[in-house]
Amino acid sequence: MNENTLYDLADLFKVFGDSTRLRILCVLSDRDEVCVADLAETLEMTQSAISHQLRTLKQSKLVKSRRDGKMVYYSLDDDHVRSIIETGREHIEEGK
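Bear in mind the structure is a predicted one, so any value in this text is a computation, not a measurement.

(A) Quick look at the nonpolar core. In this structure, I24, L25, L39, I50, L54 and L57 are the most contacted members of the largest nonpolar core, which totals 21 residues. If you list the elements that add at least two residues to this core, you get α1 (3–16), α2 (19–30), α3 (36–43), α4 (47–59), β3 (71–76) and α5 (79–94). The contacts of L54, once residues within four sequence positions are left out, are I24, V36, L39, V63 and Y74.

In structure tokens:
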């Protein structure tokens, strides 16, 4: 693997290293689409805090958005994200 790929991979794993972002990804993994208000309610956080984390997740291409009028709905960018979460979960549970 070349150096640029290693740096990009390290940056990707840093995004997964934040428990708030991971909680958001887990909710999105269980549902098709969720708006910020529903995420905030589910995670018992402010909409502002959720929006801040969603921005990071979008920049990392882990989450995508879809606008419907004034509402914006978020979902996982693709099945690779779900696979990463599931593989990590399996790895953790295997060691218990």
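(B) Summary view of the side chain of R21. Relative to the helices and strands, R21 is located in helix α2. Although R21 is buried, it forms no salt bridge, and the closest oppositely charged side chain is D18 at an N-O distance of 4.3 Å. Beyond its immediate sequence surroundings of up to four residues, R21 is in contact with K14, V15, Q53, T56 and L57.

(C) Summary view of the sheet that holds strand β1 (residues 34–35). Taken in spatial order, the 3 strands make up an open sheet running β1-β3-β2, and their pairing is antiparallel. With partners counted over all chains shown, the strands left at the sheet margins are β1 and β2 (63–68), one partner each. The strands touched by α2 within the sheet are β1, β2 and β3, with β3 carrying the most contacts at an inclination of about 90 degrees.

(D) A look at α5. End to end, α5 covers 22 Å across 16 residues, agreeing with the expected 22 Å (1.5 Å per residue, within 8%). The residue sitting at the N-terminus of α5 and contributing the capping side-chain oxygen is D78; that oxygen lies 2.9 Å from the backbone nitrogen of H80.

(E) Looking closely at unusual backbone geometry. For E44, which is not a glycine, the phi torsion comes out positive at approximately 55 degrees. Relative to the helices and strands, E44 is located in the loop between α3 and α4. In the Ramachandran plot, K61 falls in the positive-phi region, its phi being about 60 degrees despite a non-glycine side chain. Counting through the fold element by element, K61 comes out in the loop between α4 and β2.

(F) Region of interest: the pairing of β2. As paired strands, β2 and β3 are joined by 6 bridges and run antiparallel to one another. Bridge pairing in β3 places S65 opposite Y74. Linking β2 to β3, which pair antiparallel, is a turn of 2 residues; within it G69 sits at a positive phi near 70 degrees.

Cut-off values and rules
The residue numbering used here restarts from 1 in each chain and proceeds along that chain's sequence as written. Given that the model is predicted, a residue must reach a pLDDT of at least 70 before its local features are reported, and side-chain atom pairs must reach 80 or more before they are shown or counted; all residues, however, enter totals for whole chains, interfaces and linings. Side-chain metrics in this entry use all non-hydrogen atoms of the structure; hydrogen atoms and water are not considered. To qualify as a nonpolar core, a set must consist of buried Ala, Val, Leu, Ile, Met, Phe, Trp, Tyr and Cys residues joined through side-chain atoms within 4.5 Å. Burial here depends on accessible area, computed with a 1.4 Å probe over protein chains only, as a share of the maximum for the residue type. Under 20% is buried, over 50% is exposed, and the range in between is partly exposed. A helix here means a DSSP run of H or I that spans at least four residues, while a strand means a run of E at least two residues long, and both kinds are numbered starting from the N terminus. We call two residues in contact whenever any of their non-hydrogen atoms come within 4.5 Å of each other. Charge counting treats Lys and Arg as positive and Asp and Glu as negative, with His and both chain ends excluded. In the sections that follow, a salt bridge refers to a side-chain nitrogen of Lys or Arg positioned within 4 Å of a carboxyl oxygen of Asp or Glu. Strand pairing follows a simple DSSP-based rule, namely that at least 2 bridges must link the two strands. Lines are fitted to the C-alpha atoms to define the axes, a helix being fitted only along its stretch in contact, and any angle between axes, read from their N-to-C directions, falls within 0 to 180 degrees. Every helix has an expected span of 1.5 Å times one less than the residues it contains. A 3.5 Å cut-off defines polar contacts: any pair of N or O atoms within that distance qualifies, except that in protein one atom must be a possible hydrogen donor and the other a possible acceptor, and neighbouring residues in sequence count only when both atoms are side-chain atoms.

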